[in-house]
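# Commentary on secondary and tertiary structure
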Amino acid sequence: MDLTAAVDVIRAPLGEILPRVSAVLSEAIAHRAAAELSGNCPHSPFKTHGDPPGDPGTAITTAEMAALAPMARAEGTWQGRAWMAGAEVPVLAVHSDATARGALLVLVRTEEAPVPAEALAGVRALWDLVTAHRDRMAAEAVPGALGQRRAAAAARPPAIAELVDAHGAALSALLGVLRGRDLDDRTARARAVDLAVSSLAELRARTDRDQALVEEPAGDAFARLAASLRPELRGLSVRLDLGPPGTEEGADRLLAADVANAARAVVRAVVHAMLNEQGPGQDGAPRPVHRVHIGWKVGEGELRATVRDDGPGVLRRTALDARRVGERLAALGGRLDVDAVPEWGTTVTATVPLGPPQPAREDPLDVLRARELEVLERLARGRRNRQIAQELHISESTVKFHVANILEKLGVTSRGEAAALAHTWGATDS
């Protein structure tokens, strides 16, 4: 495999990696479509590229991919005929175990001849490289990639379309049996029940596959964090105290992969910063960090990760910014709090929302001019027009003019509604 081509693949934006893999492999292995099923892209673990076989409008499904996974996993590659997009075609399935969850690549070939062993070795090497590269990006929680994945959290058209197709096929089959006139009632009911049971089983299996790729329990996510930190602290005189989430702290709560990855990356960066930002105590003697405590708690809408040390208490936000901690959290709408107390150590708390960040509300008072805001502030405090006129040194008729404009601009019909908006949006805080 040409190393230059491999570099070109991993430099591509995340959404273009599969097309570039397909292009690189097309010379050695002629194929008409490529598909992947992996766990290192939290919101789109299943992707396709090219022109799949089958009837017009059909597409490769995760169920078809999952059927090939065990065979490819056993030997690393598998080639033969398989059902893809509703047609039996020659395929090459390649499994990568470069990550814990693995990744499957399937090429829908245009010829039957077996792929030579040397070509298979090149395909496996490239797929291992791509899989490891994307997993590192996910594990390090690169801000740009986090933002792209979170933006896709609420919109997964391929998965939704596949579920719609599956529901439609199942319902069509049921209606066909129930409307058929060549079956008696008892036989029709039995066939309908069989169809319904098999369809429900497939839908549940599909959901389980999808969930396993894009979510993990908070307790398991914390265990992976601990496993990654222990080797890094080995040889240092630092005790690692762990406060994993228990049942009450949401250990069984499923976390989106981008949330879990970001939390792990942030905690690792904070621990490294704490170990590096050691300073003297009040007596001037060095005061190293001897203990680091890490705890996670999952609430209704957020994951809160706390890291606390017993060092000199000199850690500053700038040291964490240099490690892109705040940037990683901002990509998910999270926040960071640093509490450093000299001689007592530092506590860093990172909060990550479990869902997509809510768009900022537009302040309705932005449409008002400065004088109108002054009038609204006094109106909200219960002043009458004459009092407002006296305080602002303007005529009462001018106050009435401003009040009318305020009501129109805010889209309200009474002074009370305008006052309520003023209190809600802080016009009375000064």
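The preceding data block contains the structure.
Calculation notes
- Residues numbered from 1 in each chain as written.
- Predicted model: local features only at pLDDT ≥ 70, side-chain atom pairs only at ≥ 80, totals over all residues.
- Heavy atoms only, no water.
- Helix = DSSP H or I, 4+ residues; strand = E, 2+ residues; numbered from the N terminus.
- Buried < 20%, exposed > 50% of the residue type's maximum accessible area, 1.4 Å probe, protein only.
- Contact = heavy atoms within 4.5 Å.
- Areas by Shrake-Rupley, 256 points an atom, 1.4 Å probe, with all protein chains shown as cover.
- Core = buried A, V, L, I, M, F, W, Y, C linked by side-chain atoms within 4.5 Å.
- Pairing = 2+ DSSP bridges.
- Axes fitted to C-alpha atoms, helices over the stretch in contact; angles between N-to-C directions.
- Salt bridge = Lys/Arg side-chain N within 4 Å of Asp/Glu carboxyl O.
- Parallel < 35°, antiparallel > 145°, perpendicular 65-115°, else oblique.
- Nonpolar A, V, L, I, M, F, W, Y, C, P; charged D, E, K, R; others polar.
- Expected span 1.5 Å × (residues − 1).
- Bend = angle between axes of the 7 residues up to and from the residue.
- Phe/Tyr/Trp six-rings, centres within 6.5 Å; stacked < 30°, edge-to-face > 60°.

### Overview of the overall build of the protein
Check the secondary structure of the protein and you find 15 helices and 14 strands. When the 430 residues of the protein are sorted by exposure, 43% land in the buried category. Sequence-distant contacts, at least 24 apart, represent 64% of the contacts inside the protein between residues at least 6 apart. As presented, the protein carries roughly 22400 Å² of accessible surface, and 53% of it is formed by carbon and sulfur atoms.

### Quick notes on the nonpolar core
By size, the foremost hydrophobic cluster in this structure holds 41 residues, and its most contacted members are L255, V267, V271, I294 and W296. Broken down by secondary-structure element, the contributors of at least two residues to this core are α8 (218-233), β8 (254-256), α9 (257-276), β11 (291-298), β12 (302-309), α10 (317-321), α11 (325-331) and β14 (345-353). Core analysis: the next-biggest nonpolar cluster, separate from the first, contains 21 residues, A12, A34, A119 and V130 among them.

### A word on the environment of L225
The topology assignment puts L225 in helix α8. Its relative accessible area of 1% is what places L225 among the buried residues. For L225 and A263, which are 38 residues apart along the polypeptide, the C-alpha to C-alpha distance reads 8.9 Å. Here L225 is in contact with R264, V267, R268, I294 and W296, once residues within four sequence places are set aside.

### Thoughts on the pairing of strand β1 (residues 31-38)
For β1, a buried count of seven out of eight residues is recorded, marking the element as mostly surrounded by other parts of the structure. One ladder, built from seven bridges, connects β1 with strand β5 (residues 103-109); its direction is antiparallel. In the sheet register, A33 faces β5, and the bridge partner there is V108. Bridging between β1 and strand β2 (residues 46-50) involves five bridges; their strand directions are antiparallel. Paired with A34 across the two strands is H49, which belongs to β2.

### Some details on the sheet that holds strand β3 (residues 77-84)
If you trace the five strands from one edge of the open sheet to the other, you get β2-β1-β5-β4-β3, paired in antiparallel fashion. This sheet does not close on itself; its edge strands, each paired only once, are β2 and β3. Strand-to-strand, the axes of this sheet are offset by a mean angle of 25°, without reference to chain direction. Most of the contacts of helix α2 (residues 17-25) go to β1, to which it runs at about 135°, and overall it touches β1, β2 and β5. Of the strands in this sheet, β1, β2, β3, β4 (87-96) and β5 are in contact with helix α3 (residues 62-75), which crosses β3 at around 160°.

### Quick word on the pattern of salt bridges
Evaluated as defined, the whole model comprises 19 salt bridges. Here R109 makes a salt bridge to E111, at a shortest N to O gap of 3.8 Å. Residue class for E111 comes out partly exposed when judged on its relative accessible area of 41%. Within this structure, E377, R378, R381, R383 and E391 form a network of salt bridges that share partners.

### A word on the side chain of R109
Take R109: it is sitting in strand β5. Taking the relative accessible area as the measure of exposure, R109 reaches 6% and is therefore buried.

### Remarks on the packing of helix α12 (residues 370-380) against helix α15 (residues 415-424)
Axis separation between α12 and α15 bottoms out at 9 Å; the angle between their running directions is 100°. As far as their axial angle goes, α15 and α12 are roughly perpendicular. Residues L376, L379 and A380 of α12 lie in contact with α15, whose contacting residues are R415, A418, A419, A422 and H423. Broken down by class, the residue content of the contact of α12 with α15 amounts to six nonpolar, one polar and one charged.

### Some points on α3
The terminal C-alpha atoms of α3, which comprises 14 residues, lie 21 Å apart, in line with the 20 Å expected from a rise of 1.5 Å per residue. At A69, α3 shows its strongest bend, of approximately 35°, with the proline P70 following within four residues. All of the buried residues along α3 are T62, E64, M65, A66, L68, A69 and A72. Just beyond α3, the residue with positive phi is G76, at close to 95°.

### Some points on the sheet that holds β11
If you trace the five strands from one edge of the open sheet to the other, you get β7-β11-β12-β14-β13, paired in mixed fashion. The sheet is open, and its two edges are formed by β7 (239-243) and β13 (335-341), each paired on a single side. Taken pair by pair, the neighbouring strands of this sheet meet at an average axis angle of 10°, ignoring direction. The pairing of β11 with β12 spans seven bridges and is classified as antiparallel. Among the inter-strand pairings, H293 is bridged to a residue of β12, identified as R308. The strands that α8 touches are β7 and β11; relative to β11, the one it contacts most, it runs at about 165°. Helix-sheet contacts for α9 involve β11, β12 and β14, and the interaxial angle to β12 is about 15°.

### Some details on the packing of aromatic side chains
Summed over the entire model, instances satisfying the criterion amount to one aromatic pair. A centroid spacing of 5.4 Å and a plane angle of 75° characterise the contact between F222 and W296, whose relative ring orientation is edge-to-face. With a gap of 74 residues between them, F222 in helix α8 and W296 in strand β11 connect regions that are remote in the sequence. Here the two residues F222 and W296 agree in accessibility, since each one is buried.

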